[in-house]
Amino acid sequence: MENITNILLVSGTHGNELSGLYLQKLIKDGRYDANRSTFSTSLLTGNPEAVQQQCRFLDMDLNRQFSTSRQEATSKEAKRSQALITQYADNEKQLIIDLHNTTSNMGATLILLSESPFYTKMGAYVKQRMPDANILFETRTSWPEQPYLCTMGQYGVMIEVGAQAHGSLKSETLDLMKRMTTAVLDYIEKSNLGQLDQLNAYEAYFYLEEVVVPLDQDGQRLALVHPTVCGQDFQPVYPGEPLLATFMGSDIHWQGEHEIYPHFINEAAYCASNIAMALAEKKHIEV
Ligand SMILES: [Zn+2]
């Protein structure tokens, strides 16, 4: 691949996720350097109207509007996605880094949407620099069908950091975001210079499915995240172990053949869709 000459660092794709917005402020104030010798970094606010109104989105989730097969643009966010695509998508030497917060206890998680060597090596480099980081692949969909903002161009990743309540700001979380962003920027610099040292094999997570809470006839939940799982993002749940606890006293167990790794556990933004968590499997990645 050709060298990356521009990084588009995006925050406020979800208007109430503050770490990225404040990392942008640190960059503007000269307190964090996002440039390197081989590329420059430009800053973008994904959904300025949502940032202003301090909410996740106005009509629809902007970070689901970028699949090439999406419907006609009528919502505010669909129109915003069209404008962003027109302005930013057509740059083959650009990497988009989209910064997010989660209310789930996921620490610093690098979300990669392709298993090409560029990304598997990025995961290896970030994991080497930051052993406590989680590397999460979401690769069941082809690149053009990915709905995420960071996939509107040729290259993109998401940095997801938590646990932090939406609308709040924690120094620990901002620090994790800085460390992971620094590692990704350094990877691009070293990759551009042909100076990547030996990269080690590592363990990464691969998204499989979501767990939706069962509802009663009034649309109210019949269960909640099991206390043994709550807050335990990326900890294994073995076959036969509980995922959800019902209000009737029984548990709903993981029925698969292998252990599973819940994440986005109790994510507040998934409230409306009653998603209790996402599930991933763990794989060994050779680079
Ligand atoms: Zn987000």
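Residues numbered from 1 in each chain as written. Predicted model: local features only at pLDDT ≥ 70, side-chain atom pairs only at ≥ 80, totals over all residues. Heavy atoms only, no water.

Colleague: Which parts of the structure should I look at to understand the layout of surface pockets?
Modeller: In this approach, a probe sized like a water molecule rolls over the atoms, and the result shows the empty space that is left. Put simply, the largest pocket is a space of about 610 Å³. Arg56, Arg64, Tyr148, Glu210 and Tyr270 are the residues nearest the centre of the largest pocket, which is lined by 33 residues in total. Breaking the lining of the largest pocket down by element, the ones donating at least two residues are β3 (94-101), β6 (155-162), β7 (202-212) and β12 (275-285). Residue assignment places the lining of the largest pocket across two domains, with domain 1 (6-200) and domain 2 (208-279) each supplying three or more. (1 Å grid on protein atoms, 1.4 Å probe; cavity = no way out; pocket = protein on both sides within 12 Å on 5 of 7 lines; lining within 4 Å. Points joined across faces, edges and corners; volume = space filled by probe spheres on them. Helix = DSSP H or I, 4+ residues; strand = E, 2+ residues; numbered from the N terminus. Domains from an automatic or database assignment.)

Colleague: Please clarify how the domain arrangement of the protein chain should be interpreted in this entry.
Modeller: A common way to express how large an interface is: the accessible area buried when the components associate. When its domains are assigned, the protein chain resolves into domain 1 (6-200) and domain 2 (208-279). Of the residues lining the interface, 14 residues belong to domain 1; the matching set on domain 2 comes to 12 residues. Between domain 1 and domain 2, a total of about 990 Å² is buried, with carbon and sulfur atoms accounting for 56% of that surface. Looking only at domain 1, the three residues that lose the most surface to domain 2 are Ser104, Asn105 and Met106, adding up to 35% of its buried area. Taken together, the links from domain 1 to domain 2 amount to zero salt bridges. In this assembly, domain 1 and domain 2 are joined by eight residue pairs in polar contact (both at pLDDT 80 or more). For the side of domain 1 that touches domain 2, the secondary-structure elements that each account for two or more residues are β4 (107-112) and β5 (134-137). Across the side of domain 1 that touches domain 2, the residue classes tally to three nonpolar, seven polar and four charged. (Contact = heavy atoms within 4.5 Å. Buried area = accessible area lost by both parts, 1.4 Å probe. Salt bridge = Lys/Arg side-chain N within 4 Å of Asp/Glu carboxyl O. Polar contact = N/O pair within 3.5 Å; in protein donor to acceptor, adjacent residues only side chain to side chain. Nonpolar A, V, L, I, M, F, W, Y, C, P; charged D, E, K, R; others polar.)

Colleague: What's the story with the side chain of Ser67 in this structure? I'm lost.
Modeller: Relative to the assigned elements, Ser67 resides in the loop between α2 (48-52) and α3 (76-88). Beyond its immediate chain neighbours, meaning those up to four positions away, Ser67 contacts Pro144, Glu145, Gln146 and Pro147.

Colleague: Can you walk me through the environment of Ala183 in this structure?
Modeller: When you line up the elements, Ala183 lands in helix α5 (residues 171-193). Between the C-alpha atoms of Ala183 and Gly123, which are 60 residues apart in sequence, the distance is 9.9 Å. Aside from chain neighbours lying at most four places away, what touches Ala183 is Tyr125, Val126 and Arg129.

Colleague: I would appreciate a short explanation of the state of the cysteines in the present structure.
Modeller: In protein structure, a disulfide is the covalent linkage between the sulfur atoms of two cysteines. Overall, the coordinates contain zero disulfides when judged by the stated rule. Unpaired in this structure, Cys55 has its nearest cysteine sulfur neighbour in Cys271, at a distance of 15 Å. (Disulfide = S-S within 2.5 Å.)

Colleague: It is not clear to me how the coordination of the zinc ion should be interpreted in this structure. Could you clarify?
Modeller: When a metal holds four donors in a tetrahedron, each ideal angle between them is 109.5 degrees; when it holds six in an octahedron, the ideal angles are 90 or 180 degrees. For the zinc ion, the full set of protein donor atoms is His14 (ND1), Glu17 (OE), Glu17 (OE) and His100 (ND1), at a range of 2.0 to 2.3 Å. Taken together, the four donor atoms coordinating the zinc ion span angles of 58 to 150° at the metal, a pattern that classifies the geometry as irregular. Sequence spacing of the donors to the zinc ion: H-x2-E-x82-H. When sorted by exposure, His14 lands in the same class as Glu17, which is buried. (Donors = N, O, S within 2.8 Å, 3.2 Å for Na, K, Ca; no water. Tetrahedral: all angles 85-135°; square planar, octahedral: opposite > 155°, others 65-115°. Buried < 20%, exposed > 50% of the residue type's maximum accessible area, 1.4 Å probe, protein only.)

Colleague: How should the packing of aromatic side chains be read in this particular structure?
Modeller: The relative placement of two aromatic rings is captured by the distance of their centres and the angle of their planes. Applying the stated criterion across every chain, the model contains nine aromatic pairs. Ring centres of Tyr205 and Phe234 lie 4.5 Å apart, and the angle between their planes is 35°; this geometry places the pair in the tilted category. Here Tyr205, found in strand β7, pairs with Phe234, found in the loop between β8 (223-225) and β9 (242-246); they are 29 residues apart in sequence, far enough to count as distant. A single burial state applies to Tyr205 and to Phe234, both of which are buried. Pairwise contacts between aromatic rings join Phe118, Tyr119, Tyr125, Trp143, Tyr155 and Tyr187 into one cluster. For Lys283, the ring lying beneath its charged end belongs to Phe206, and the centroid distance is 4.3 Å. (Phe/Tyr/Trp six-rings, centres within 6.5 Å; stacked < 30°, edge-to-face > 60°. Lys NZ or Arg CZ within 6 Å of the ring centre and 35° of its normal.)

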